[in-house]
Amino acid sequence: MIPTTGSTLVLRSVLPFRSSSLPSLRLNRPYNKSSLLISCCSPVPEKGETSASGLKPVVERWPEYIPHKLPDKNYVRVFDTTLRDGEQAPGGALTPPQKLEIARQLAKLRVDIMEVGFPASSEEEFETVKTIAKTVGNEVDEETGYVPVICAIARSKLEDVKAAWEAVKYAKRPKILIFTSTSDIHMKYKLKKTKEEVIEMATSSVRFAKSLGFVDVQLGCEDGGRSMS
């Protein structure tokens, strides 16, 4: 997500309610250093406008997105899961229009990857993810080359993987995160499967995802902190 030296990002509220009273935040991150500076400021001018200092903002090309590879060792890739894991917080349920608005704001923040939902969980979720893929997932910034990666999550079940593909295939950069339980206690009491069976579930799901058309596939280990080799 890190821009080149001298460029800035603007952080604005991505909450679904009016935020005009909140201050803008400028995220100034030197490309070749590990320090991070966040400070309150006036909004950065729009394209073609001049800032209060009389300087025009510098426009840099966005680093090329290559799945599972970083363009530079100092680059920090941002994977945002507000619209999926974030919604699981108590009181965090969002309507489809709110999810779409947040997705648009995340794109303005230039997050590299946004995990936008769990298509297999319900018809409404499926349609919401598809809408985001068709809209936000196709909004290319011609000036910088930025385009967000739209990610859907799926259990290691073929029907989940298929639902994820049907929802995000409309995006320019569709991605799937397949998850499965990997700790002994989850495999035994939640999945009721052996380690070998879980490995087969995961590998067959990844294989199926690629056969559908996914190029960007990620495997997540649920309860990974208690998983053994």
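This text follows the structure it describes.
Each chain has its residues counted from 1, following the order in which its sequence is written. At least 70 in pLDDT is required for a residue's local features to be given in this predicted model, at least 80 for side-chain atom pairs to be given and counted, and no such filter applies to totals for whole chains, interfaces and linings, which use all residues. Hydrogens and water are ignored here; the side-chain numbers use all heavy atoms of the structure.

Before going further, it helps to examine the overall build of the protein chain. Per the convention used, a helix needs a DSSP run of H or I reaching at least four residues, while a strand needs a run of E reaching at least two, with both numbered from the N terminus. Assigned secondary structure in the protein chain consists of five helices and eight strands. Counting over 229 residues, the protein chain shows a buried share of 38%. Put simply, of all contacts in the protein chain between residues at least 6 apart along the chain, 65% involve residues at least 24 apart. If you sum the accessible surface of the protein chain, you get close to 12,900 Å²; carbon and sulfur atoms cover 55% of it. Three exposure classes are used, based on accessible area relative to the maximum for each residue type with a 1.4 Å probe and protein chains only: buried under 20%, partly exposed in between, and exposed over 50%. The contact definition used throughout considers only heavy atoms, calling two residues in contact when any of these lie within 4.5 Å. Under the convention used here, a 1.4 Å probe and the Shrake-Rupley method define accessible areas, while residue burial counts only the protein chains that appear.

With that settled, the discussion passes to the packing of aromatic side chains. We call Phe, Tyr and Trp rings a pair once their centres come within 6.5 Å, taking the six-membered ring for Trp, and we label the pair stacked below 30 degrees between planes, edge-to-face above 60, and tilted otherwise. The tally for this structure, following the rule as stated, stands at three aromatic pairs. Ring centres of Phe118 and Phe179 lie 6.4 Å apart, and the angle between their planes is 75 degrees; this geometry places the pair in the edge-to-face category. Placement of the pair is Phe118 in the loop between strand 5 (113-117) and helix 2 (123-134) and Phe179 in strand 7 (residues 174-181), with a sequence separation of 61 residues. The same class applies to Phe118 and to Phe179, which are both buried. Considering the side-chain rings of Trp165 and Phe214, the 4.9 Å spacing of their centres and the 70 degrees angle between planes classify their relative orientation as edge-to-face.

The next subject is unusual backbone geometry. For His68, which is not glycine, the phi torsion reads 65 degrees and is therefore positive. Along the chain, His68 falls in the loop between strand 3 (37-41) and strand 4 (79-80). Its relative accessible area of 52% is what places His68 among the exposed residues. With phi around 55 degrees, Lys192 is a residue other than glycine that occupies positive phi space. Within the secondary structure layout, Lys192 lies in the loop between helix 4 (184-191) and helix 5 (195-212).

Attention now goes to the sheet that holds strand 7. Overall, parallel pairing links the five strands, which are arranged 4-5-6-7-8 in an open sheet. At either margin of the open sheet sits one strand with a lone partner, and together these are strand 4 and strand 8 (216-222). What makes two strands pair is DSSP finding at least two bridges between them. Looking at chain direction, strand 4 and strand 5 are connected through two bridges and run parallel. Residue pairing across strands places Asp80 opposite Met114, the latter belonging to strand 5. A fitted line through C-alpha atoms serves as each axis, taken over the contacting stretch for helices, and the angle formed by two N-to-C directions is quoted from 0 to 180°. Contacting strand 5 and strand 6 (149-155), helix 2 crosses the sheet at an angle of about 150 degrees to strand 5.

What follows covers the pattern of salt bridges. Salt bridges are defined by distance alone: a side-chain nitrogen of Lys or Arg within 4 Å of a carboxyl oxygen of Asp or Glu. Applying the stated rule across the entire model yields 13 salt bridges. Across the pair Lys99 and Glu125 runs a salt bridge, and its minimum N-O distance is 2.5 Å. Note that Lys99 is positioned in helix 1 (residues 96-108) and Glu125 in helix 2, a separation of 26 residues in sequence. What you see here is one network of salt bridges that share partners, running through Arg84, Asp85 and Glu115.

Moving on: the environment of Pro119. Mapping Pro119 onto the fold places it in the loop between strand 5 and helix 2. Remark: the alpha-carbon pair of Pro119 and Glu166, spanning 47 residues in sequence, is separated by 8.8 Å. Residues within four places of Pro119 in sequence aside, it is in contact with Glu125, Phe126, Val129, Ala152, Ile153, Ala163, Ala164 and Ala167.

This part takes up the packing of helix 1 against helix 2. Two elements in contact, helix 1 and helix 2, have axes separated by 10 Å at closest approach and are oriented at 30 degrees. By the angle between their axes, helix 1 is roughly parallel relative to helix 2. Where helix 1 crosses over helix 2, the two elements pack in a sense that is right-handed. In this structure, helix 1 contributes Pro96, Lys99, Leu100 and Ala103 to the contact, and helix 2 contributes Glu124, Glu125, Thr128, Thr131 and Ile132. In these notes the angle categories are as follows: under 35 degrees is roughly parallel, over 145 is roughly antiparallel, 65 to 115 is roughly perpendicular, and the rest is oblique. Crossings are assigned a handedness: left-handed for a near helix turned anticlockwise from the far helix by less than a right angle, right-handed for a clockwise turn.

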